[in-house]
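# Structural description and commentary
The residues making up each chain are set out below.
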Amino acid sequence: MIKWLEDNTPKMVLAPSFIAVLIFVYGFIAWTAWVSLTRSRLLPKYEIEGFIQYDRLFASPRWDTAFTNLFIFGILFIVIAMILGLLLAILLDQNIRTEGALRTIYLYPMALSMIVTGTAWKWILNPGLGLEATVRGWGYENFTFDWLVNPDMAIYTIVIAAIWQSSGFVMALFLAGLRSVDGEIIKAAQVDGIPTWRVYTAIIIPSMAPIFLSAFIVLSHLAIKSFDLVIALTGGGPGYATDLPATYMYAMAFSRGDIGQAASSAMIMMMVVFTIVVPYLYSELRSKDG
Amino acid sequence: MADISPYTEARPSQAGKIALRWGLYLLLGLFAIFYLMPLFVMVMTSLKSLDEIRTGDLISLPREVTFDAWRTAWSGACTGIQCEGMRPYFWNSMLIAIPGVAISTLLGAMNGYVISQWNFRGANIIFSLMLFGCFIPFQVVLLPMARMLGMMGIAGTIPGLIFVHVIYGLGFTTLFFRNYYVSIPSELTKAAKVDGAGFFRIFWSIFLPLSIPIIVVTVIWQFTQIWNDFLFGVSFSQAGTQPVTVALNNIVNSTTGVKEYNVDMAAAIIAALPTLLVYVVAGKYFVRGLTAGSVKG
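## Thoughts on the overall build of chain A
- Summing up its helical and strand segments, chain A has 13 helices and 0 strands in all.
- Secondary structure elements of chain A occur, N-terminal to C-terminal, as α-α-α-α-α-α-α-α-α-α-α-α-α.
- Radius of gyration (C-alpha) of chain A: 24 Å, far over the 19 Å computed for a compact globule of 290 residues.
- Projected onto the principal axes, the alpha-carbon positions of chain A cover approximately 75 × 70 × 35 Å.
- Sequence separation of at least 24 residues holds for 69% of the intrachain contacts in chain A that already meet a minimum separation of 6.

## Points about the overall build of chain B
- Broken down by element type, chain B carries 13 helices and 0 strands.
- When its helices and strands are written in sequence order, chain B yields α-α-α-α-α-α-α-α-α-α-α-α-α.
- Its C-alpha atoms give chain B principal-axis dimensions of roughly 85 × 75 × 35 Å.
- Across chain B, contacts joining residues at least 24 apart in sequence account for 70% of those joining residues at least 6 apart.
- Carbon and sulfur atoms make up 68% of the accessible area of chain B, which totals about 13,600 Å².
- Of the side-chain charges in chain B, 18 are positive and 13 negative, and the distance between the mean point of each set is 14 Å.

## Details of the interface of chain A and chain B
- Taken together, the 97 residues of chain A in the interface contact 89 residues of chain B.
- For the pairing of chain A and chain B, the buried interface totals around 8,300 Å² over both sides, and the portion due to carbon and sulfur atoms is 77%.
- For the pair chain A and chain B, the number of links is 0 salt bridges.
- Inspection of the chain A/chain B interface yields 22 residue pairs in polar contact (both at pLDDT 80 or more).
- Across the side of chain A that touches chain B, the residue classes tally to 69 nonpolar, 18 polar and 10 charged.

## Examining the domain arrangement of chain B
Residue and element names in this part refer to chain B.
- Looking at the assigned domains, one finds that chain B contains domain 1 (14-66) and domain 2 (87-295).
- Placing the centre of domain 1 and that of domain 2 at their C-alpha centroids yields a distance of 34 Å.
- In this assembly, 9 residues from domain 1 lie in contact with 9 residues from domain 2.
- Between domain 1 and domain 2, the buried area comes to about 700 Å², and carbon and sulfur atoms account for 80% of it.

## Quick look at the packing of aromatic side chains
Residue and element names in this part refer to chain B.
- Considering all chains together, one arrives at 45 aromatic pairs over all chains under this definition.
- The interplanar angle of 50° and the centroid separation of 5.0 Å between the aromatic rings of Tyr113 and Phe199 together place this pair among those described as tilted. Here the residue Tyr113 occupies a position in helix 4 (residues 87-117), and Phe199 occupies one in helix 9 (residues 199-210), the gap between them amounting to 86 residues. For the pair Tyr113 and Phe199, a shared accessibility class is recorded, and that class is buried.
- With 5.3 Å between their ring centres and 55° between their planes, Phe138 and Tyr168 make a pair best called tilted. Placement of Phe138 in the loop between helix 5 (123-132) and helix 6 (139-152) and of Tyr168 in helix 7 (residues 158-181) is noted, with a sequence separation of 30 residues between them.
- Among the residues examined, Phe138 registers a relative accessible area of 14% and is labelled buried.

## With respect to the pattern of salt bridges
All names here are of chain A.
- On inspection of all chains with the given rule, the structure shows 12 salt bridges over all chains.
- Between Asp258 and Arg56 there is a salt bridge, and its shortest N-O distance comes to 2.6 Å. On the criterion of sequence distance, the pair formed by Asp258 in the loop between helix 12 (245-255) and helix 13 (259-289) and Arg56 in helix 2 (residues 52-59) is long-range, its members being 202 residues apart.
- Since its relative accessible area comes to 31%, Arg56 is described here as partly exposed.
- Residues Arg62 and Asp243 are paired through a salt bridge, measuring 2.5 Å at the closest nitrogen-oxygen approach. Taken together, the positions of Arg62 in helix 3 (residues 61-92) and Asp243 in the loop between helix 11 (228-233) and helix 12 put the pair 181 residues apart, joining distant regions of the chain. Both residues of the pair, Arg62 and Asp243, count as buried.
- Within the structure, one salt-bridge network assembled from shared partners comprises Asp93, Glu99, Arg103 and Arg179.

## Structural notes on a nonpolar patch on the surface
- On the surface, a cluster of nonpolar side chains totalling about 460 Å² of accessible area is made up of Phe71, Ile75, Val79, Ile80 and Ile83 of chain A.
- Of note, Ile80 of chain A is situated in helix 3.

Criteria and cut-off values
Residues numbered from 1 in each chain as written. Chains lettered and ligands numbered in written order. Predicted model: local features only at pLDDT ≥ 70, side-chain atom pairs only at ≥ 80, totals over all residues. Heavy atoms only, no water. Helix = DSSP H or I, 4+ residues; strand = E, 2+ residues; numbered from the N terminus. Rg over C-alpha atoms; globule rule 2.2 N^0.38 Å. Contact = heavy atoms within 4.5 Å. Areas by Shrake-Rupley, 256 points an atom, 1.4 Å probe, with all protein chains shown as cover. Lys, Arg positive; Asp, Glu negative; His and termini not counted. Charge placed at Lys NZ, Arg CZ, Asp CG, Glu CD. Buried area = accessible area lost by both parts, 1.4 Å probe. Salt bridge = Lys/Arg side-chain N within 4 Å of Asp/Glu carboxyl O. Polar contact = N/O pair within 3.5 Å; in protein donor to acceptor, adjacent residues only side chain to side chain. Nonpolar A, V, L, I, M, F, W, Y, C, P; charged D, E, K, R; others polar. Domains from an automatic or database assignment. Phe/Tyr/Trp six-rings, centres within 6.5 Å; stacked < 30°, edge-to-face > 60°. Buried < 20%, exposed > 50% of the residue type's maximum accessible area, 1.4 Å probe, protein only. Patch = residues over 30% accessible without salt bridge, like charges linked within 9 Å, V, L, I, M, F, W, Y side chains within 5 Å.

Structure (structure tokens):
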């Protein structure tokens, strides 16, 4: 008996967490998947009816906007944050005397809640009193910057705020990568008289491919989950011009009382994450075993 | 004689080098301004009176420094019908974050210890399944979780929010500890077993004392996550149990009365202070958590 207990203690310690993950992650995903195939509205129903919720979803102009926005926002956010992060990392890698302080400054937004970031940028971008009024006050009477209230441009304000928040993190990732490149190779290249920019483009950057991949994974994950920032900065507006799948799902679940739509939109989000993360996780776990 | 290196002529002169250096620092300085500007604007706005905000501009220093907005934000600003400021919600967030961090860190440490040191068949599959839980968009669990909390009788309560944060924090805390313990040679555990130490004894006397750095990383990571959370807070709280992020959003979007931008900014800084403080005091560990969560994820 005691022997059995001794042998099985590790399993029993792990069991509660494992069961919790089975129920609250996998069980819940299954529940949502199931409900997304029913006619659920205010209350969940459990008779499977096929893909009607997905048909409704893709027929909805609001979802269409939200899904398009995800790609506009996601691509701009990921590409610009990566370029900016890489640029900052390379600039900081030139034996800068104040590197520590600058790194702290570039990275602090990552410690803030998206709600705080959204609140701050909402004030800065306020057309009546913010940046626009400030620049006009300097004498440029015709300066206009009304993206926050312009349905065609509002999505880009979210891109700006998200980049401000996350690019420092990308910098930290790349900086760690730059520091791990073999110094001997770089020295040898410099002795050969190869200019610094060539050393970067031909030697250092190609050797950081895995870091590009992790930065991409993290940023795309942030983009798909973006919810707080939209709520705080634009509230999804003007109209629903800045809706993202996450805000669409929330609106359906908690203010429209349309559980079927909430579940099906959540499943689409899940699938987008799946297609990005699963190959990555798979290769990571495989390489660890090997 | 012809120069054989194609690059020699591109070498900058001494003067060019100095100019390049200055340009570099200038560029870095401009970026620093870009990142600091919103914080600077927030602080300045929070110290101005509403009149000065309407007439002045975003980045000017306050002509007359006033802390009225801070007082209102802390204890008088309205979140909908209630006008108690940020104070009660600030404490709510503490009440959620402290147990949430403690429980998820302890469980993560135990899980990581089992997975890395007491490898049994299936342990790696369990780890992969838990790891995957880190990556799901939480929207996919919101609806069933709302029902489950109702069934458990903790819907809209602080224990309910603690529960949710512990469950969905487990993946990351387990990952942190597993990756840390995996580098500790298993001979150590084996030797301790031969000496008659049991499972808990080995954990308590050998692993825990070695774990201080990873505990700091995990605690900071979890605290930042839970404190800054909005989605769970807004979905699973009710009037009176909302965390600080939800209260901030309600204050900013409260439609009653005049828009008090200075109060909004003071409230935003109050909501940001704890995590900013952690970042300033323990930035090294904060960064380590960020990179551990992504590079090794």
